[in-house]
Amino acid sequence: MSDFWNILIAVATFGIILVSSNKIAGFIKYIKLPLITGLLLMGIITGPEVLNIIKQDSLPKLDFVNHIALSFIAFAAGSELYFVELRSRMKSIRWMTFGQMITTLILGSLAVFIISGFSFFGLELDFNGRIALSIITGTIFIARSPVSAIAIINELRAKGPFTRMVLGVTVLIDFLVIVLFAISFSIAISLTTGESFSVGMIAIMLTELTASLLMGYILFLIIRLILYTRINTSIKAVLILAVGWGIYLLSNEIRHFSETGPGIYFYIEPLLVCITASLLITNYSPVRREFQKIIHDTVPMIYVAFFILIGASLSLKTVGQTWIIALILFFVRIVTMVIGGWIGGTLGGDPQKFNRTAWMSFVTQAGIGLGLVTVVTNEYPEWGLQFASIIVSVIVLNQIFGPPLFKWAIQMVNEDHPRGEHEDHKGPLKALIFGYEQQSLGLAQQLSSHDWKVTIVTFRKEFPKPENENITIFSYSELNIQLLERLDAANTDAIVVMKTDEENLEICELAYENYGTPELIVRLNERINIQKFHEMGVLIVEPTTAIISLMDHFVRSPMATSLLLGMEEHKDTADIVIRNQDIHGVAIRNLHLPADILIIATQRKGQKIISTGYTRLRLKDILTVVGSIESIEEMRLRFE
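Reading guide: rules and limits
- Position numbers for residues start from 1 in each chain and track the written sequence from start to end.
- Restriction of local features to residues with pLDDT of at least 70 applies here, the model being predicted, together with a cutoff of 80 or more for giving and counting side-chain atom pairs; totals for whole chains, interfaces and linings are based on all residues.
- To get the side-chain values, all heavy atoms of the structure are used, and hydrogens and water are removed first.
- Per the convention used, a helix needs a DSSP run of H or I reaching at least four residues, while a strand needs a run of E reaching at least two, with both numbered from the N terminus.
- Categorising residues by exposure relies on relative accessible area from a 1.4 Å probe, with only protein chains included: less than 20% of the type maximum marks a residue as buried, more than 50% marks it as exposed, and the intermediate range marks it as partly exposed.
- When checking whether two residues touch, look at their non-hydrogen atoms; a contact exists if any pair is within 4.5 Å.
- Calculation of accessible area relied on Shrake-Rupley with a 1.4 Å probe; when residues are assessed, cover is drawn exclusively from the protein chains displayed.
- Should DSSP find at least two bridges between two strands, the strands are taken to pair.
- Lines fitted to C-alpha atoms define the axes, with helix axes restricted to the stretch in contact, and inter-axis angles between N-to-C directions lie between 0 and 180 degrees.
- Two aromatic rings from Phe, Tyr or Trp, using only the six-membered ring of Trp, form a pair when their centres are within 6.5 Å; if the ring planes differ by under 30 degrees the pair is stacked, by over 60 it is edge-to-face, and anything between is tilted.
- Remark: a charge is flagged as sitting over a ring if the NZ atom of Lys or the CZ atom of Arg is within 6 Å of the ring centre and within 35 degrees of the ring normal.
- What goes into a patch is any residue over 30% in relative accessible area without a salt bridge, connected to like charges within 9 Å or, for nonpolar side chains (Val, Leu, Ile, Met, Phe, Trp, Tyr), within 5 Å.
- Just to be clear on terms, a salt bridge is a Lys or Arg side-chain nitrogen sitting within 4 Å of an Asp or Glu carboxyl oxygen.
- An angle counts as roughly parallel when it lies under 35 degrees, as roughly antiparallel when it exceeds 145, as roughly perpendicular when it falls between 65 and 115, and as oblique in every other case.
- Rotating anticlockwise by less than a right angle from the far helix to the near helix defines a left-handed crossing, while the corresponding clockwise rotation defines a right-handed one.
- Residue classes follow a fixed rule: Ala, Val, Leu, Ile, Met, Phe, Trp, Tyr, Cys and Pro count as nonpolar, while Asp, Glu, Lys and Arg count as charged, and any other residue, Gly among them, counts as polar.
- As used in this record, nonpolar core signifies buried Ala, Val, Leu, Ile, Met, Phe, Trp, Tyr and Cys residues forming a set joined through side-chain atoms within 4.5 Å.
- In a helix, the anticipated span is given by 1.5 Å times the number of residues less one.
- Between N or O atoms, a polar contact is any pair within 3.5 Å; within protein, one atom must be a potential hydrogen donor and the other a potential acceptor, and residues adjacent in sequence are included only when both atoms are from side chains.

The helix and strand inventory of the protein chain stands at 22 helices and ten strands. Per-residue burial for the protein chain yields a buried fraction of 52% across its 640 residues. Taking contacts inside the protein chain between residues at least 6 apart in sequence as the whole, the part at least 24 apart equals 76%. Per element, the accessible surface of the protein chain, about 30100 Å² overall, is 63% carbon and sulfur.

Strand order in this open sheet of four strands is β7-β10-β8-β9, and the pairing throughout is antiparallel. Either end of the sheet is taken by a strand with one partner, and the two such strands are β7 (571–577) and β9 (607–608). Where strand β8 (residues 598–604) and strand β10 (residues 622–628) come together, five bridges link them in antiparallel fashion. Bridging from a neighbouring strand, threonine 602 pairs with leucine 623 of β10. The sheet strands contacting helix α22 (residues 629–639) are β7 and β10, and the helix crosses β7 at an angle near 10°.

Right, let's get into the sheet that holds strand β5 (residues 519–523). Spatially, β3-β2-β1-β4-β5-β6 is the arrangement adopted by the six strands of the open sheet, whose pairing is parallel. Both edges of this open sheet fall to β3 (471–475) and β6 (539–541), since each of them pairs with a single strand only. Across the sheet, the mean angle separating the axes of adjacent strands is 20° when strand polarity is ignored. Note that β5 and β6 share three bridges and pair parallel. Looking across to β6, one finds that arginine 523 is bridged to valine 541.

The relative placement of two aromatic rings is captured by the distance of their centres and the angle of their planes. Counted under the stated rule, the structure contains ten aromatic pairs. Here tyrosine 217 and phenylalanine 220 contribute two aromatic rings whose centre-to-centre distance is 5.8 Å and whose plane-to-plane angle is 45°, an arrangement assigned as tilted. With tyrosine 217 and phenylalanine 220 both in helix α8 (residues 199–228), this residue pair falls three residues apart, about one helical turn. A relative accessible area of 42% places tyrosine 217 in the partly exposed class. Residue phenylalanine 220 is classed as buried on the basis of its relative accessible area of 5%. Taking the centre distance of 5.3 Å and the plane angle of 70° together, the rings of phenylalanine 330 and phenylalanine 331 count as edge-to-face. The exposure class assigned to phenylalanine 330 is buried, which follows from its relative accessible area of 7%. The rings of Phe72, Phe75 and Phe291 are connected pair by pair, giving a single aromatic cluster. Stacked on the ring of phenylalanine 113, the Lys or Arg arginine 130 has its end atom at 4.1 Å from the ring centre.

It is worth spelling out unusual backbone geometry at this point. Its identity is not glycine, yet aspartate 488 carries a phi of approximately 60°, on the positive side. Structurally, aspartate 488 is set in the loop between α17 (481–486) and β4 (494–497). One non-glycine residue, lysine 620, adopts positive backbone phi at about 75°. A relative accessible area of 68% places lysine 620 in the exposed class.

A few words on a nonpolar patch on the surface. A cluster of nonpolar side chains, Phe98, Ile102, Ile106, Leu107, Val335, Val338, Ile339 and Leu347, forms an exposed patch at the surface whose accessible area comes to about 630 Å². Elements represented by at least two residues in the nonpolar patch include exactly α4 (90–116) and α12 (316–348). Topologically, valine 335 is positioned in helix α12.

Below, the discussion takes up the pattern of salt bridges. Counted according to the given criterion, the structure contains five salt bridges. The residue lysine 236 makes a salt bridge to glutamate 290 at a minimum N-O spacing of 2.7 Å. Highlighted residues: lysine 236 in helix α9 (residues 233–260) and glutamate 290 in helix α11 (residues 288–313), separated in sequence by 54 residues. Among the residues examined, lysine 236 registers a relative accessible area of 5% and is labelled buried. Notably, a salt bridge pairs glutamate 437 with arginine 523, separated by 2.5 Å at the nearest N-O pair. Of this pair, glutamate 437 sits in the loop between β1 (430–434) and α16 (438–448) while arginine 523 sits in strand β5, placing them 86 residues apart in sequence. When its relative accessible area of 15% is taken as the criterion, arginine 523 is described as buried.

Running from amino to carboxyl end, α4 crosses helix α7 (residues 161–192) at an angle of 50°, the nearest separation of the two axes being 9 Å. Considering their axes alone, α4 and α7 lie oblique with respect to each other. For the pair α4 and α7, the crossing hand works out as right-handed. Here Ser92, Ile93, Met96, Thr97, Gln100, Met101 and Leu105 of α4 come into contact with α7, specifically with Arg164, Met165, Gly168, Val169, Leu172, Ile173, Leu176, Val177 and Leu180. For the contact of α4 with α7, the per-class residue count stands at eleven nonpolar, four polar and one charged.

Tracing the backbone shows serine 251 in helix α9. Between the alpha carbons of serine 251 and valine 273 there is a distance of 9.9 Å; along the sequence they are 22 residues apart. Apart from residues no more than four positions distant in its own chain, serine 251 is found in contact with Tyr267, Ile268 and Pro270.

Time to look at the nonpolar core. Of all hydrophobic cores here, the largest spans 128 residues; its most connected members are Phe72, Phe75, Ile136, Phe185, Ile240, Leu329 and Val376. Ranked by residues supplied to this core, first place goes to α7 with 17 residues. Look past the residues within four positions of valine 376 in its chain and what remains in contact with it is Ile136, Ile140, Phe181, Phe185, Trp383 and Phe387. Core analysis: the second largest hydrophobic core is formed by 25 residues, Leu432, Phe434, Ile495 and Tyr515 among them.

Quick look at helix α10 (residues 270–284) now. Here α10 contains 15 residues, and its C-alpha end-to-end distance of 21 Å stays within 8% of the 21 Å for a straight helix at 1.5 Å per residue. By the criterion of burial, α10 is predominantly enclosed, with 14 of the 15 residues buried.

Here we take up the side chain of threonine 336. With respect to the helices and strands, the residue threonine 336 is situated in helix α12. On the basis of relative accessibility, which here comes to 2%, the residue threonine 336 falls in the buried class. Polar contacts involving the side chain of threonine 336 include one to the main-chain carbonyl oxygen of arginine 333, which spans 2.6 Å. Ignoring sequence-local partners within four residues, the contact set of threonine 336 consists of Thr103, Thr104, Leu107 and Gly108.

Written as structure tokens, this is what we have:
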């Protein structure tokens, strides 16, 4: 009974730490460091070696949190691998994946084996132990971070062949590295337990791999059944967490039975089971969207618990003693990726510009890498914590330097289309209105009544002086960036354009890319140009039908109209043009859509078509969708 209360107290204490640490760790973003660094830091501070809030004897009691987190991290990695979207760049993705994995594994393992022979490495291992350590470390070096890659791609609005290749390689590697880890880990166990390398050992390894894949299929069926059940989504999330944890419990039971019964070591890799199930749901199940929504909503909380526990488990003394080793291993990994990027790109026929910069896209590591470290730590308690301190330090370095390097790579291949930085300013809100007419004057009066400072910009040389002191009229002769600088566009909160579509587009592009103006509003003249403005998130008004349609829809369906007009918080509508060749021929029901996206209309060659889940899309089809702004931008990235 006392053990139960000790575990309950440890869990309750840890829960309180999670809530506070998540908020505090968020402040680290202000110094441009990743959130993972803040969470690890909070784990260290609240851990046994600093404040001792999470006590040393509490860490074993919280092992189940690690197991739940690892299963969900594997689910998240598998949910990113959608085969349909990799077709157009498959040759490049295949060879780059091959180059990165083989080079990193061989050269990384060799470097670690050599370094481990020196006393300053700090791990006293025999020859077999050094080999085991080397292949495990080389495998962990392969892991990437799809979540970080997608965040950077969205941030830069990156699109192009290089971006598609990098994203494909990143998500594919995170699946393959778990398969490779299952093999490497079995070899390492055999070497450290004194078993001779034989045909029997190979047969056991292949059986373990087959059993893991088979169990992954069974888990896929279980999760699919859960998702089909008509219960609350939160309950489904809890059930998926439970079955993920159940895989770890079952794996440990099978391992214990094999050792005490037949007397052999038989281990089913839970990470491989979970990522296999997730991969099958993502690619071969109609409930993929609900599954991805559950993963999307749950993973952030899981990450907080996982990273704080890792931070609490770190040995600061070991980190202080081995920081030079961590730095050496960081550079060793960089070298392997440089070589792997050049080999993979050359074999894949990519331009040399891509081959020279590819390595910068694969530096970042996060969930999967740390998950593999945790597995090693649990298996080798005698040196696992020291090993974890070294490798976690390497992963933190990768997480710090990886995102800036990836951004630099995208910019070097000219596939970035970022929004400019908009600086907050003191004083009243300011708006620029391009075009002098009754509507622009009326809008200026309306805004000024709400204490906005408004400047109407016009080609006219003569105009009456406005009576309202909050309204200024500015005359110009040439439209360029210098004009916007004279108008102080950097400190403008909204720009409204009411000229020709060509002039409107030029103004919007200048403001978007140079100043990141929060609100860009255009009065559209020709609907054919709507997509050009949608790409920048410009708010569009069609005057010919706007008022009548607005009134009609508000009368018949006020809630739906509020949603479609973006009056609901964080929701919007958009027209998305299918430009990604991988989407061509894919049925709507098989699209890899964010869970909160709804397709409400389809247009093809100017004609609206009645579409169902079985309608196959074509290039240049226009999908009208409604959903969160974040999800709409994600769709643009994938489809356009």
